[in-house]
Amino acid sequence: MSLSSFEGLPHSQWVAENDLAFAVRDAFPVSPGHTLVVTKRRTPTWWEATAAERAAVMDLVSVVAAALDEELHPDGYNVGFNAGEAAGQTVPHLHVHVIPRWTGDVADPRGGIRHALPGGNYLHGPALVDNAARSAASVIEECLRDRRFDRADLVVSFVMLSGVRLIEKPLQDALDRGLGARLLTTDYLGTTEPEALSRLIDLAETSDGRLQVRVFSDPRTSFHPKGYLFWSSTTGAALQLIGSSNLSRSGIRDGVEWNLLTGSLKPLVSEYEQLWADRRSLPLTHGWLRRYRSRPRGRRVAPAEVDAEVYEPPPVATPRPVQEEALAALRETRAAGHRRGLVVLATGLGKTWLAAFSAREATAKRVLFVAHREEILRQSRDVFRAVLPGCDAGLFTGDERALDSDVLFASVQSLGRNLHRWAADHFDLVVVDEFHHAAAPTYRRIIEHFTPSFLLGITATPDRLDGADLLALCDDNLVFECGLLEGIARGDLCTFGYWAERDVADFAPIPWRNGRFDPEHLRSAVETGERARQEYEAWTARRGSRTLAFCCSVTHADFMTEYFLEQNPSVRAVAVHSGPTSAPRQLALQQLAAGDLDIIFSVDLLNEGVDVPDVDTVLMLRPTDSPVVFLQQLGRGLRRPRPDKHLTVVDFIGNHRSFLAKPRTLLSLADRDAVTTTAVLDAMATGDFGLPDGCSVSYDLEAVDLMRQLTAREQGSALIRYCRAYAAEHGHRPTAVQVYRASYNPGSQGSVGWLGVLGETGLLDGAEQEATRVAGGLLRAVEKESFTKSYKLVTLEQFLDLGGLASGVDVAALAERCRLRMRSSPTLAVDAGDHLDDPPPEWERYWRRWPIAAWTGSLPASRAGLFRLRDDRFELRDEVPPAVRATVAALLAEWVDYRLCRYVDTKRLAEGAWQLRVSHNASGNPIIWLDRRKHPGLPEGEAAVRIDGEDCVGVFRAVALNVVRKSGSPTNVLPAVLRRWFGDDAGQPGTHHTVELLRDEGMLILRPRSQVRDRPSS
């Protein structure tokens, strides 16, 4: 349900309230003090209100009248309401007018309410708006939020960023609901701020054409109109604000202005159309704005309100401590020669800000930022503008308008269809946000198309959780990771308590396809009074002051909103989603932050890219098997605006195997080894998930028993049990890399092979079954191929990326692609050594002598090759039929990813030492962070360790080495040791200290590795 005009008012505007009603001043008063008493629950008229609501309204009328008596001393009152359109009701939400009256305010007051007061019809006015009793900004916002108006035409002589900021959120909400808006301004005298026009372009680019902006450009003609016209294209309803106010903070809020508000509009619309169509009214584009910025500003004559409002650029944004640490790691990885890298920052630690700071530090001239949702692109663009003020930032949606922007924000969908528009080296920096999506084919095409100086992948989700080998796409270079648990331990994120009880809904009969419940059947199961009652009672028992609730669908969000309002009219609840019944998103978020809403029911819009730091309760009403979605929803409440914040999470566990994914994800955060089903069930029963102090997880006994029953019949080898469990929870099988990361070996499956095991257990989909039937010989041969170096793997990887299964690949082009790939990873580059610097002809000869010859069977003692050379093209000996080519290519790429991942791990293990980062705990003491995903062989529990030649005992916990004692002493010497090595700031925010832990003849040795002090960003 969308907000009414009254529900959209912030709590700060209420002048009185009780349990069921509140009072606000009338936006169009017919006398001083004119007040409206409104029911908190939306009820259309007096006749639908409950007896309790009617009593509450009349009680509040008395309170309001007493306050007005004290303040204004009126001689009488008119009190009443309009019921129905025929009676003049314009807002379908019960409100009672309390109108103060004075002797002599009309010539003959007899008849009272029978005769409307002069000026009582605000639709005809006129009324003076002078920024004193009432501001133009408030009128503009009210009109933008008034659903009677579907058109807005604004004309002003200049625009300032301060004015745009005052109206942009209500304007964004109005555009989202379908308002068509036009704004006409001028470049006369160069007064309009480029930054204001830049922000208007931002709004226009995300409006689907609903906002259009033009600039009247004629140096010989002055341009001084100021009008804000709001009207309906169907009903004739209209309001106009005409007078002296330009679109600036001074013009519409702070300055002394005279504007008339009236409902007479037709002549002005006609005049507006003429100005809009004038040949001198030019569309505002990126190109026009670049030219406007480049004009010599010189000496100009500015209106007084501009002189009083000199543009002040925002303060220079500076990185947070954890971002400084990540920037230091990025500097180090660039210096080491890496061309790609992945940074994992938990939700709430500012990964988009990190990307912007990285672009600033690298002085990148051309930046591409890729994400999968427009909402993420919008917010990311705002972040980059804060870090790089004045940057030429554009949103690419498939047309030409933003094509040449210096900082380009593009959705993966629009970019994937238009890769041919950019040369491979067009961008200096490519940032791929929410990198956990990057294993999808479209992402891979984008990543492989561009060859920037550096490609930065950023995500809040560790790659192991959903089976995608993200590190393989970043050349196995995990630059920096600060996950959820470390973020909590160091005090950057708040602690949380997670409570889950058995769901009363029955999910067992619902069809489960491709990792999802059937939407229609799911809707029937979750939109019931029984389930809603369970959720309402669980929420009321544990709620805080601000709640985000995540729902399955638009109808589910609306259903839950209605149910909560019916249970308790004093609950302030709205639904925010992409449907027509949604509350205005920006307003709802503002109200939640201000404490004027208790709960927002959302679908997907608030999963990613939304910053709501004051949320203290998350209500999970949507069944999901996705660790990514689960962590995103959890992360929405982990921001820590104050030290004492604690998040409460309320969840429900249903009778389906997919619900095991959530506790498995929670346990995976601390347990970096393979998380077995038995371990998950034990953790559910004991509540021991290895979380930092202050965090807790509690499952009720019914939920634990339910999961034990659902998992009791597992059979087969450990690998098969894992694959079946994964498929049951996610709706698709795991990849070879995901199996390897979970500590299983897909390469040790005997004669049947990896794909054979999957086929025998029924885990291959239809397309994969057909591909193995048609091209099983090729697939099995590649599985059995030996790889002592990375050459052949890189060659096959690039062959597949270039679409070689169809007609082969030119050898020279393939060799050059392989050289770029080898150069991008220092670990792989070692294999080629100095040959990477050979001239192209020599490099091609070198590549022909080794991997090409090996694949074609030309090396001595090599087997018959799977490939051949024909007319300088490298191609398969046996053609793969077109019908299965894409699937065969995907299966081959999956195996190459796994073997490359395993090869790089083997190379790193051969180096003989674990490289570990020094961090800090909540008390500020330095500790050593244990990344068990990268280093699965790290010790656990107490272990002997030698430090500076002295034997000690270290306590290796799930996520950190935080205690080291000398033999026979209870004192923890680790903080003193680390400070001796790195100084008093060891492990503190803004540093990037690392240590090495290695085994030497069975003894663990701990020693300092490097120290990279924080440097100011440039």
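Up top you'll find the structure we're talking about.
All values derive from a computational prediction rather than experimental measurement. (Residues numbered from 1 in each chain as written. Predicted model: local features only at pLDDT ≥ 70, side-chain atom pairs only at ≥ 80, totals over all residues. Heavy atoms only, no water.)

Novice: Would you mind going over the sheet that holds strand β17 (residues 407-411) in detail, with residue names and values included?
Specialist: Reading across from one edge, β16-β17-β15-β18-β19-β14-β20 is the order of the seven strands in this open sheet, with parallel pairing throughout. In this open sheet, the two edge strands, each paired with only one partner strand, are β16 (393-396) and β20 (478-482). Strand-to-strand twist across the sheet, computed as the mean angle between neighbouring axes with direction ignored, equals 15°. Here five bridges tie strand β14 (residues 340-345) to strand β19 (residues 454-459), and the two strands are oriented parallel to one another. Along β19, the bridge assignment pairs V344 with T459. Helix α10 (residues 351-361) contacts β14, β15 (367-371), β18 (429-432) and β19 of the sheet and is inclined by roughly 165° relative to β19. (Pairing = 2+ DSSP bridges. Helix = DSSP H or I, 4+ residues; strand = E, 2+ residues; numbered from the N terminus. Axes fitted to C-alpha atoms, helices over the stretch in contact; angles between N-to-C directions. Contact = heavy atoms within 4.5 Å.)

Novice: Account for a nonpolar patch on the surface, naming residues and giving values.
Specialist: Residues L128, W258 and L260 make up a contiguous nonpolar surface patch of about 360 Å² in total accessible area. Along the chain, L260 falls in strand β12 (residues 259-262). The exposure class of L260 is partly exposed, given its relative accessible area of 42%. (Patch = residues over 30% accessible without salt bridge, like charges linked within 9 Å, V, L, I, M, F, W, Y side chains within 5 Å. Areas by Shrake-Rupley, 256 points an atom, 1.4 Å probe, with all protein chains shown as cover. Salt bridge = Lys/Arg side-chain N within 4 Å of Asp/Glu carboxyl O. Buried < 20%, exposed > 50% of the residue type's maximum accessible area, 1.4 Å probe, protein only.)

Novice: Help me get a handle on the packing of aromatic side chains, residues and values and all.
Specialist: Two aromatic rings are characterised by how far apart their centres lie and by the angle between their planes. This model, assessed by the stated rule, comprises 37 aromatic pairs. For the pair F369 and F409, a centre-to-centre distance of 5.5 Å together with 40° between the ring planes defines the contact as tilted. Here F369, found in strand β15, pairs with F409, found in strand β17; they are 40 residues apart in sequence, far enough to count as distant. One exposure class covers both F369 and F409, and it is buried. Centre to centre, the rings of W539 and F564 are 5.1 Å apart; their planes meet at 45°, and the pair counts as tilted. Taken as a pair, W539 in helix α17 (residues 529-542) and F564 in helix α18 (residues 554-567) lie far apart in primary sequence, 25 residues in all. Residue classification places F564 among the buried residues on the basis of a relative accessible area of 0%. (Phe/Tyr/Trp six-rings, centres within 6.5 Å; stacked < 30°, edge-to-face > 60°.)

Novice: Requested: an account of the packing of helix α28 (residues 791-801) against helix α32 (residues 840-855), with residues and values cited.
Specialist: Between α28 and α32, whose axes approach to 9 Å, the crossing angle comes to 85°. Comparing their axes, α32 and α28 come out roughly perpendicular. Together, Y791, K792, T795 and L796 of α28 and Y846, W847, W850, P851, I852, A854 and W855 of α32 make up the contact between the two elements. Looking at the contact of α28 with α32, its residues break down into nine nonpolar, one polar and one charged. (Parallel < 35°, antiparallel > 145°, perpendicular 65-115°, else oblique. Nonpolar A, V, L, I, M, F, W, Y, C, P; charged D, E, K, R; others polar.)

Novice: Describe the pairing of β20, naming the residues involved and giving the relevant values.
Specialist: Along any regular strand, the residues point their side chains to alternate faces of the sheet. The buried fraction of β20 is high, at five of five residues. With four bridges joining them, β14 and β20 adopt parallel strand pairing. The residue of β20 that forms the bridge with V344 is E481.

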